[in-house]
Amino acid sequence: MTHRILPAFMLALGLASLAGCASPTVITLNDGREIQAVDTPSYDEDAGFYEFKQLDGKTTRVNKDQVRTVKEL
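Residues numbered from 1 in each chain as written. Predicted model: local features only at pLDDT ≥ 70, side-chain atom pairs only at ≥ 80, totals over all residues. Heavy atoms only, no water.

**Q** Teacher, can you tell me more about the environment of Asp 65 here?
**A** In this structure, Asp 65 sits in the loop between β5 (59-63) and β6 (67-72). Owing to a relative accessible area of 56%, Asp 65 belongs among the exposed residues under this scheme. Taking the C-alpha atoms as reference points, Asp 65 and Phe 49, 16 residues apart in sequence, are found 8.5 Å from one another. (Helix = DSSP H or I, 4+ residues; strand = E, 2+ residues; numbered from the N terminus. Buried < 20%, exposed > 50% of the residue type's maximum accessible area, 1.4 Å probe, protein only.)

**Q** I'm lost on the sheet that holds β6 in this one. Help?
**A** Strand pairs in the sheet, formed through backbone hydrogen bonds, run parallel or antiparallel to each other. Here we have three strands laid out as an open sheet, ordered β2-β1-β6, and antiparallel in their pairing. Because the sheet does not close on itself, it has two edges, and the strands there are β2 (34-37) and β6. Neighbour-to-neighbour, the strand axes of this sheet turn through a mean angle of 20°, independent of strand direction. Across five bridges, strand β1 (residues 25-29) lies against β6 in antiparallel orientation. Looking at β6, one finds that Leu 29 is bridged to Val 67. (Pairing = 2+ DSSP bridges. Axes fitted to C-alpha atoms, helices over the stretch in contact; angles between N-to-C directions.)

**Q** Can you walk me through the packing of aromatic side chains in this structure?
**A** Remark: the centre distance and the inter-plane angle together describe each pair of aromatic rings, the angle taken between the planes. Applying the stated criterion across every chain, the model contains one aromatic pair. Both rings, one in Tyr 43 and one in Tyr 50, keep their centres 4.9 Å apart while their planes meet at 45°; by these two values the pair is tilted. In this structure Tyr 43 comes out as partly exposed when scored by relative accessible area, which is 36%. What makes Tyr 50 partly exposed here is its relative accessible area of 23%. (Phe/Tyr/Trp six-rings, centres within 6.5 Å; stacked < 30°, edge-to-face > 60°.)

Encoded structure:
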């Protein structure tokens, strides 16, 4: 049981530090999937894509036609 406490603590600490720096956002897609972003996504009007950084650090682009809602947490 002790080996689970440290990873859980590190995860909580990491999420708490993210919360202090940015306003996390949940992007809901038309198929019901939810993607969490570190900050509010930027929208590229010419290309028609939302671009954002996921919690794991990956930069992702999603077509605006696939996005149902964008909500700050």
